[in-house]
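# Fold and contact review
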Amino acid sequence: MSLIYFTGLAALAVAGFLLGRNRAAVANRTETFHSRPSYHGAYVVVSVLLPMLLVFAVGVPVAHHLVETQALTVFDPSVLDDELRRGAALRDIVAVATGRHTGDATPALVRAAETWSSLRAWTDNLILAGGGIVGLLGAAYGLRAISATFRARNRVERVVKVVLFGCASVAVLTTVGIVFSVLLETVHFFQKVSPLDFLFGLEWSPQTAIRADQVGSSGAFGIAPLVVGTLLITTIAMLVAGPIGLFAAIYLAEYASPRVRAVAKPLLEILAGIPTVVLGFFAALSLAPWLRELGQSLGLNVASESALAAGLVMGMMIIPFVSSLSDDVINAVPQSLRDGSYGMGATKSETIKRVVLPAAFSGIVSAMMLAISRAVGETMIVVMAAGLAANLSFNPLDAVTTFTVQIKTILVGDQEFDSAKTLSAFALGFVLFFFTLTLNVIAMQIVKRYREQYD
Amino acid sequence: MNSMVQVDSASAIAAAAAVAGNPVKIVAQGVNVYYGEKHALRDVDLDIQERAVTALIGPSGCGKSTFLRCLNRMNDTIVGCRVTGKITMDDQDIYDPQLDVVQLRARVGMVFQKPNPFPKSIFENVAYGPRIHGLARNKAELEEIVVTSLKRAGLYEEVKDRLGDSGTSLSGGQQQRLCIARAIAVSPEVILMDEPCSALDPIATAKIEELMDELRENYTIVIVTHSMQQAARVSQRTAFFHLGVLVEVGVTGEIFTTPRDRRTQDYITGRFG
């Protein structure tokens, strides 16, 4: 049904456009039109599309509801009150009606299925007919409107503006929706575990008893070890990626010949394209054992999964973010500033240090912040290379764990959904979100404060 | 002579006479410049007098800016640019491999077409040169250099209460005077100006021109300009470039009233350009 409906819609729209444009073009020869013919065509398209989409968007859910209610009348009212049984009954009806039901169907069910099919066919036809009529009326309306003074151009552009606004809203509303759903589950979690214990507790051991008499069942939900682990790994990553990325960007933007740059920049960006799971097993299987051996030869005790290994590889991962973005902002510094500095007798490195980098400062900061956000949110490398042990340790040679790893560990598995353990994942997610949000706000403030406008 | 350019002959002649005896600061002999395959400047011979304003005029693309940028070797920063011939300043070859281009540029300052203050405070803009060349031993000396330079550039009175504000917050004309102050701060001997007023309004232009007249007491100034009126007003000597060739050079008043070359005459009477 949908396929037919939208094919018809498209056909009507195309026909409307051609007709409208043609009519306007013909009339345009004798009098001067306000709008170009194609705008009149587009106006017809809009007046076909909008009512037809509206009919579909309203008609389909209403029709489905009516058909279902009607088909379910054969069942006992008690079935209808229970959400689960109602759903099961409906699935049975649809299965019988579409011939996919296995086993014997009761006469009542067969009757319901027949009602469902016939009603469904009827409403489908009704929607098709209604849509067709509305579409034709819309086309007629749009075509009638064509005249020399009609401002089709302005009308169409207003519609375009609304559509653009709609797309922007989808992005914003999605974010708001996610935040609220996470927030809701977080509130549930805090009904089971005190927020103070959660935020300031020093032990993380998210276990909840399945049976009351279980041994060692009391969970501990203190996020301190996760905070420390996340910060430790992120710090190591930024110590690697910050300088290397920035210096690479300076080389690419200021020193590299165009030929070197043309090759090196894409190559560096390929690094950003390596799936993190691949980097993860590189960290776990190559780097971590090597670090361990190195540590042993130096007399250090390195855990086989260590914050250092995860941090180093994560640093490699975010180098391209830092370097590519920094390279762009350094390139955006106008040549006239460099010329001014060279004209004063400054050397290349003085010019870079004292003029180019300060001018690009805000952009470099936002590149760094983006890289930190990536590092904080990165999961796979840490899962594979840093381990799961929630040690409260500042030692980069220990195994540590992070927010993301714990969220993943908690939600992979068959826990009851409303147990404190499962819900803690949402609370962790919320804290993580809050953390990256704070970073972004700080970055925006810095960018705003230090941004230079060049024309 | 149907010259479009009015030369205030009395003062121009007086000024020209005043500098006529000045020694030659820069000598260019057989200078050729190539941008890749393009031969941008052909066999230019030009003497530049000390403590005088020399104007380089000519239609767009004639090579006047290219010549100007040879004098402090700014062409070095352009990929594919090649300079041949000989340019000496105070009898020293500035293209000598032994010569440090950084020191040359400290002696030959430059002001660009578009004001290009650094995104720093007004103070730091002027202090930039003295800092990188280590001209001030302490903060007091640095401050004195900055204030003196701003005063010489005629900007001090307007900005003395807000030296900490960003240089980019000034108006276009003020920015250009800031750039002049920045150039003066390293005590150069020569100041090159590449169409310094083309982005400015007439009032700001008048201020800069006045300033040039004062600066010529102490500095050798070479200015590229599209405005023949400006060349007539500010310069004592004028060189006319056309299609990469130096057509004619002489005392400004004479170039604008009795040009020897047909092309110069056509240009200053507005027949092309």
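Our structure's up above, just so we're on the same page.
Right, let's walk through the structure included here.

Thresholds, definitions, all that
Residues numbered from 1 in each chain as written. Chains lettered and ligands numbered in written order. Predicted model: local features only at pLDDT ≥ 70, side-chain atom pairs only at ≥ 80, totals over all residues. Heavy atoms only, no water. Helix = DSSP H or I, 4+ residues; strand = E, 2+ residues; numbered from the N terminus. Buried < 20%, exposed > 50% of the residue type's maximum accessible area, 1.4 Å probe, protein only. Contact = heavy atoms within 4.5 Å. Areas by Shrake-Rupley, 256 points an atom, 1.4 Å probe, with all protein chains shown as cover. Lys, Arg positive; Asp, Glu negative; His and termini not counted. Charge placed at Lys NZ, Arg CZ, Asp CG, Glu CD. Phe/Tyr/Trp six-rings, centres within 6.5 Å; stacked < 30°, edge-to-face > 60°. Polar contact = N/O pair within 3.5 Å; in protein donor to acceptor, adjacent residues only side chain to side chain. Pairing = 2+ DSSP bridges. Patch = residues over 30% accessible without salt bridge, like charges linked within 9 Å, V, L, I, M, F, W, Y side chains within 5 Å. Salt bridge = Lys/Arg side-chain N within 4 Å of Asp/Glu carboxyl O. Buried area = accessible area lost by both parts, 1.4 Å probe.

### Some details on the overall build of chain B
Of regular secondary structure, chain B possesses eleven helices and ten strands. With respect to the principal axes defined by its C-alpha atoms, chain B has extents near 55 × 45 × 35 Å. Here chain B holds 273 residues, and 57% of them are scored as buried. Across chain B, every contact between residues at least 6 apart in sequence was considered, and the portion connecting residues at least 24 apart equals 68%. Of the roughly 11600 Å² of accessible surface on chain B, a fraction of 48% belongs to carbon and sulfur atoms. Of the charged side chains in chain B, 30 are positive and 33 negative; the average position of the first set lies 3 Å away from that of the second.

### Description of the packing of aromatic side chains
Residue and element names in this part refer to chain A. Counted under the stated rule, the structure contains twelve aromatic pairs over all chains. Geometrically, the ring pair formed by Tyr5 and Phe56 is tilted, given 4.9 Å between the ring centres and 40° between the ring planes. Here the residue Tyr5 occupies a position in helix H1 (residues 2-28), and Phe56 occupies one in helix H2 (residues 37-72), the gap between them amounting to 51 residues. Take Tyr5: its relative accessible area is 2%, and that puts it in the buried class. Assessed through its relative accessible area of 16%, Phe56 is described here as buried.

### Quick notes on the environment of Met52 of chain A
Residues and elements named next belong to chain A. By the secondary structure assignment, Met52 is in helix H2. The spatial distance from the C-alpha of Met52 to the C-alpha of Phe6 is 9.2 Å, given a sequence separation of 46 residues. Once residues lying within four places of it in the same chain are set aside, the contact partners of Met52 are Tyr5, Leu9, Leu12, Gly131, Val134 and Gly135.

### Considerations on the side chain of Arg73 of chain B
For Arg73 of chain B, the position within the fold is in the loop between helix H2 (64-71) and strand S4 (81-89). A polar atom in the side chain of Arg73 of chain B sits 3.0 Å from the backbone oxygen of Ile94 of chain B.

### Comments concerning the pairing of S4 of chain B
Along a regular strand, successive side chains alternate from one face of the sheet to the other. All names here are of chain B. Of the strand pairs in this sheet, strand S1 (residues 24-35) and S4 are connected by eight bridges, and their pairing is antiparallel. Within the sheet, the bridge partner assigned to Tyr34 lies in S4 and is Arg82. Sheet topology note: the S4/strand S5 (residues 92-93) ladder contains two bridges and is antiparallel. Opposite Met89, over in S5, you have Gln92 as the bridge partner. The turn joining S4 and S5, which pair antiparallel and follow one another in sequence, is formed by two residues; a positive phi near 50° is taken by Asp90.

### A few points about a nonpolar patch on the surface
Residues and elements named next belong to chain A. Taken together, the side chains of Val172, Val176, Phe180, Leu183 and Val187 make up a nonpolar region of the molecular surface, amounting to roughly 420 Å² of accessible area. Within the secondary structure layout, Phe180 lies in helix H6 (residues 152-192). For Phe180, a relative accessible area of 53% puts it in the exposed group.

### Some details on the interface of chain B and chain A
Counting residues at the interface gives 27 residues for chain B, matched by 20 residues for chain A. Taken together, both faces of the contact between chain B and chain A bury some 1800 Å²; the carbon and sulfur share is 61%. Looking only at chain B, the three residues that lose the most surface to chain A are Pro119, Tyr128 and Ile132 of chain B, adding up to 30% of its buried area. Run the count over chain B and chain A and you get zero salt bridges. Run the count over chain B and chain A and you get four residue pairs in polar contact (both at pLDDT 80 or more). Of all elements in the fold, only helix H3 (101-107), strand S6 (108-111), helix H4 (122-133) and helix H7 (172-184) of chain B reach the threshold of two or more residues within the side of chain B that touches chain A. In terms of residue count, H4 of chain B provides more of the side of chain B that touches chain A than any other element does, five residues in total.

Structural measurements only, silent on function.
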